[in-house]
Amino acid sequence: MRHSHEGGGRRQRFFGHGELRLVILDILTRSASHGYEMIKEIESMTQGNYAPSPGVIYPTLDFLQDQAFITITEEENGRKKIAITVAGQHWLDENLEQLENIQARIKARCVGFQLRKNPQMKRALDNFKAVLDMKVNQEGLSDAQLKHIIGVIDRASLEIAQLD
């Protein structure tokens, strides 16, 4: 992954288990491709926020080939051309709802990445996380205090959702 994460901690995976397979098959419905081109296509799709490494993309391609969902053919220049098969198209069609959910999540995460690049938004979010962490982790937090904090978060979420 090509990103930095200040403040430590692990960043959430961009794709859940098996989701990259659907994304790759979807890319292949538009045209046959090569591994490197797929990496670049996914990086473009995520607006530069995620680019799968060869160590992620090639084992996924091997799996798809083992399932007969893709074919990989050697070209004269030594590159390998990857194409979706009828079985791959059928499997993709069966999982179209999941693919649409993945695409919606990618779009939402890209918006979030852009938003967090705004210095004022980053400051506000960092401040919110720090205060929330401090309050929720303090000794002796009562159930009533926790319920109040949850209410404040829910009201803020509702107010933001209602903005035009």
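Before reading on, note that the structure itself is shown above.
Residues numbered from 1 in each chain as written. Predicted model: local features only at pLDDT ≥ 70, side-chain atom pairs only at ≥ 80, totals over all residues. Heavy atoms only, no water.

## Focus on the pairing of strand S1 (residues 70–74)
Now for step 1: Both S1 and strand S2 (residues 80–84) contribute to a ladder of five bridges, which runs antiparallel. Paired with Ile 70 across the strands is Ile 84, a residue of S2.
Now for step 2: Hairpin connection, S1 to S2: the antiparallel pair is bridged by five residues, and Gly 78 has positive phi, about 90°. (Pairing = 2+ DSSP bridges. Helix = DSSP H or I, 4+ residues; strand = E, 2+ residues; numbered from the N terminus.)

## So, the packing of aromatic side chains
Now for step 1: Scanning the entire structure with this criterion turns up two aromatic pairs.
Now for step 2: A centroid spacing of 5.6 Å and a plane angle of 75° characterise the contact between Phe 15 and Tyr 50, whose relative ring orientation is edge-to-face. A residue pair is termed long-range when its members are at least 10 positions apart, and Phe 15 in the segment before helix H1 (19–30) and Tyr 50 in the loop between helix H2 (35–45) and helix H3 (54–66) qualify at 35 residues. Comparing Phe 15 with Tyr 50 shows no difference in burial state: the two are buried.
Now for step 3: Ring centres of Phe 69 and Trp 91 lie 5.0 Å apart, and the angle between their planes is 15°; this geometry places the pair in the stacked category. Of this pair, Phe 69 sits in the loop between H3 and S1 while Trp 91 sits in helix H4 (residues 86–94), and the two are 22 residues apart along the sequence.
Now for step 4: Overall, the relative accessible area of 12% leaves Phe 69 in the buried class.
Now for step 5: If you follow Arg 21 out to its NZ or CZ, it ends over the ring of Phe 63, 3.8 Å from the centre. (Phe/Tyr/Trp six-rings, centres within 6.5 Å; stacked < 30°, edge-to-face > 60°. Buried < 20%, exposed > 50% of the residue type's maximum accessible area, 1.4 Å probe, protein only. Lys NZ or Arg CZ within 6 Å of the ring centre and 35° of its normal.)

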